[in-house]
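Analysis of the macromolecular model
One-letter residues, chain by chain:
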Amino acid sequence: KDQRLAWFKDAKLGIFIHWGIYAVNGIDESWSFHNGYISYDDYMKQLDGFTATNYNPEYWAELIKESGAKYTVITTKHHDGVALWDTKYSDLNVVDKTPAKRDVLTSFVKAARSEGLKVGLYYSLLDWSHPDYPNFLRDKKRYTDDAKRWAKFTKFNFGQIEELTKFNPDLYWFDGDWEQSAETWKAKEIRDLLLEKTPTTIINSRLQGYGDYATPEQGIPITKPDSKYWELCMTMNNSWGYQPNDTNYKSVNQIIRILVDCISMGGNLLLDIGPKPDGIIPQEQIDILKGLGRWTNKHKSA
Ligand code: JFZ
């Protein structure tokens, strides 16, 4: 384990990317329909606005590199079930269902690698669009007791997870594990599958106890966490995805202080950006990444 996690131990800074159809209306990723602020149908109309017209994965990767980050984690599929890659397990993906008409994940993984960045893939275990997932908050029905449906969903989930192994990710960043138990997800089997297919990889904390590192839940820890390996994930403003109305950005200085807090306690900061539906990174976020870069490059260690 120590060998697998060696790069992570001194990575210090990572850049998280929340990119999905939620950027079209600039609303909360997946939660907006889950919590009933928008209907499911209206949420899905955003598919038509995900154009990726100005998407430049090489520029994204350069910018991330320039910030001083050593790794990047991108949302391959959020709770809404919309995949950024050409998955064969569902047509709910940006290739089949949006004007982008192409796999936007493969090109990013390639670009990030050529900048020497480690690549992490965010994947939501729960899928509030899948007909066999117990999507109890959307239509108030529960299907968990229906073993056949759950078996179908599990097959689908394992299928997509196995597809992601083809990207040979350095890190799997699972999310949404809280809705089911380790046993129901088959968390151990997921871990075994990943370590068999990609033996040098790292698994984050949200796999119902089967991850490799810790995530402080209450923001910046006050004292050094017990775990040798940990990561704080944080937004630049108050949103994960692109929300033009949220202008509550932290300053570069504030973010540097938080980064230093994390580093001094042996952890990493995973700082989030939210690109627009056409692939443009908001200027405020570019400015922060460049600002961080000016600082990290001044304090480079071997
Ligand atoms: C999850 C997602 O629901 C959210 O939309 C976003 O993608 C974020 C990165 O991850 O939200 C969580 C889940 C768990 C914690 C915080 C946010 N936690 O344990 O502190």
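Rules behind the numbers
- The residue numbers shown here count from 1 along each chain, following its written sequence.
- At least 70 in pLDDT is required for a residue's local features to be given in this predicted model, at least 80 for side-chain atom pairs to be given and counted, and no such filter applies to totals for whole chains, interfaces and linings, which use all residues.
- Hydrogen atoms and water are omitted, and side-chain values are computed over all heavy atoms in the structure.
- Secondary structure elements follow DSSP: runs of H or I no shorter than four residues count as helices, runs of E no shorter than two count as strands, and numbering proceeds from the N terminus.
- Multiplying 1.5 Å by the helix residue count minus one yields the expected span of that helix.
- Any two residues whose heavy atoms approach within 4.5 Å at even a single point are treated as in contact.
- Centre distance within 6.5 Å is the pairing criterion for rings of Phe, Tyr and Trp, where only the six-membered ring of Trp is used; planes under 30 degrees apart are then read as stacked, over 60 as edge-to-face, and the remainder as tilted.
- Summary of the burial criterion: residues with accessible area below 20% of their type's maximum are buried, those above 50% are exposed, and those between are partly exposed, where the area comes from a 1.4 Å probe applied to protein chains only.
- Nearness here has a simple test: a residue counts as near a molecule or strand if at least one of its heavy atoms is within 4 Å of that partner.
- Polar contacts, as counted here, are pairs of nitrogen or oxygen atoms within 3.5 Å of one another; within protein the pair requires one atom able to donate a hydrogen and one able to accept it, and residues that are adjacent in sequence qualify only if both atoms are side-chain atoms.
- The Shrake-Rupley method, run with a 1.4 Å probe, gives the accessible areas here. Residue values count only the displayed protein chains as cover.
- Note on geometry: axes are C-alpha line fits, over the in-contact stretch for helices, and angles between N-to-C directions span 0 to 180 degrees.
- Every angle not falling under 35 degrees, over 145, or within 65 to 115 is termed oblique; those three ranges are roughly parallel, roughly antiparallel and roughly perpendicular.
- Definitions for this section: a left-handed crossing has its near helix turned counterclockwise from the far helix by less than a right angle. A right-handed crossing has that turn clockwise.
- Throughout this entry, Asp, Glu, Lys and Arg are counted as charged residues, while Ala, Val, Leu, Ile, Met, Phe, Trp, Tyr, Cys and Pro are counted as nonpolar. The remaining residues, Gly among them, count as polar.
- Pairing between strands requires that DSSP locate at least two bridges from one strand to the other.
- Clockwise travel from the first strand over the helix to the second, with the strands pointing away from the viewer, marks a crossover as right-handed.

Looking now at helix α12 (residues 283–298). Look at α12: 23 Å from first C-alpha to last across 16 residues, which is about the 22 Å you get at 1.5 Å a residue. At its buried positions, α12 is contacted by β1 (13–17), α5 (57–66), α11 (252–264) and β7 (268–273).

Evaluation of the coordinates by the stated rule reveals 26 aromatic pairs. Taking the centre distance of 5.8 Å and the plane angle of 20 degrees together, the rings of Tyr-122 and Trp-173 count as stacked. Of this pair, Tyr-122 sits in strand β3 (residues 118–124) while Trp-173 sits in strand β4 (residues 171–175), and the two are 51 residues apart along the sequence. Of the two residues, Tyr-122 and Trp-173, both sit in the buried class. Both rings, one in Trp-150 and one in Phe-153, keep their centres 5.2 Å apart while their planes meet at 40 degrees; by these two values the pair is tilted. Of this pair, Trp-150 and Phe-153 both sit in helix α8 (residues 147–165), three residues apart, which is roughly one turn of that helix. Comparing Trp-150 with Phe-153, the two get one shared label, buried. Members of the aromatic cluster, connected to one another through ring pairs, are Trp-31, Phe-33, Tyr-40, Tyr-43, Trp-128 and Trp-178.

The next point concerns the site of the ligand. What surrounds the ligand is the set Phe-16, His-18, Glu-29, Trp-31, His-78, His-79, Tyr-122, Asp-175, Trp-178, Arg-206, Glu-217 and Trp-240. Here an oxygen atom of the ligand sits 2.7 Å away from a polar atom, N or O, in the side chain of His-18. A distance of 2.9 Å is found between an oxygen atom of the ligand and a side-chain nitrogen or oxygen belonging to Trp-31. In isolation the ligand has 450 Å² of accessible area, and contact with the protein removes 80% of it.

Our next topic: the environment of Pro-57. By the element assignment, Pro-57 lies in helix α5. A relative accessible area of 6% means that Pro-57 is categorised as buried. Taking the C-alpha atoms as reference points, Pro-57 and Lys-45, separated by 12 residues in sequence, lie 25 Å from one another. Dropping the residues within four chain positions of it, Pro-57 is found in contact with Ser-107, Phe-108 and Ala-111.

Locating Gln-180 in the fold gives a position in the loop between β4 and α9 (182–185). Of note is the side chain of Gln-180, whose polar atom sits 3.0 Å from the side chain of Tyr-133.

When two helices pack together, their arrangement is given by the angle between the helix axes and the distance between those axes. Contact geometry for α11 and α12: axes closest at 10 Å, N-to-C directions at 55 degrees. Classified by the interaxial angle, the pair formed by α11 and α12 is oblique. Between α11 and α12 the crossing geometry is right-handed. The residues of α12 that touch α11, namely those facing Val-252, Ile-255, Ile-256, Leu-259 and Val-260, are Asp-287, Ile-288, Gly-291, Leu-292, Trp-295 and Thr-296.

Here we come to the environment of Thr-235. Locating Thr-235 in the fold gives a position in strand β6 (residues 231–235). Remark: the alpha-carbon pair of Thr-235 and Ile-255, spanning 20 residues in sequence, is separated by 9.9 Å. Excluding anything up to four places from it in sequence, Thr-235 contacts Trp-240, Lys-250, Leu-271 and Asp-272. At 2.7 Å, the side chain of Thr-235 forms a polar contact with the backbone oxygen of Asn-237.

A few words on the packing of α5 against α12. Packing of α5 against α12 leaves a shortest axis separation of 7 Å and a crossing angle of 40 degrees. When the interaxial angle is binned, α5 and α12 end up oblique. Residues Tyr-59, Leu-63 and Glu-66 of α5 lie in contact with α12, whose contacting residues are Ile-286, Leu-289, Lys-290, Gly-293 and Asn-297. Split into classes, the residues belonging to the contact of α5 with α12 amount to four nonpolar, two polar and two charged.

Each regular strand shows side chains that alternate between the opposite faces of the sheet. Burial analysis of β7 places six of its six residues in the buried class, which makes it a mostly covered element. Burial along β7 is two-sided: the face carrying Asn-268, Leu-270 and Asp-272 and the face carrying Leu-269, Leu-271 and Ile-273 are both buried. Examined bridge by bridge, β1 and β7 share five bridges and lie parallel to one another. Residue Ile-15 lies in a different strand from β7, and its bridge partner there is Leu-271. Sheet analysis places β6 next to β7, joined by five bridges and oriented parallel. What sits directly across from Thr-235, in β7, is Asp-272. Taken together, β6, α11 and β7 constitute a β-α-β crossover, and its handedness is right-handed.

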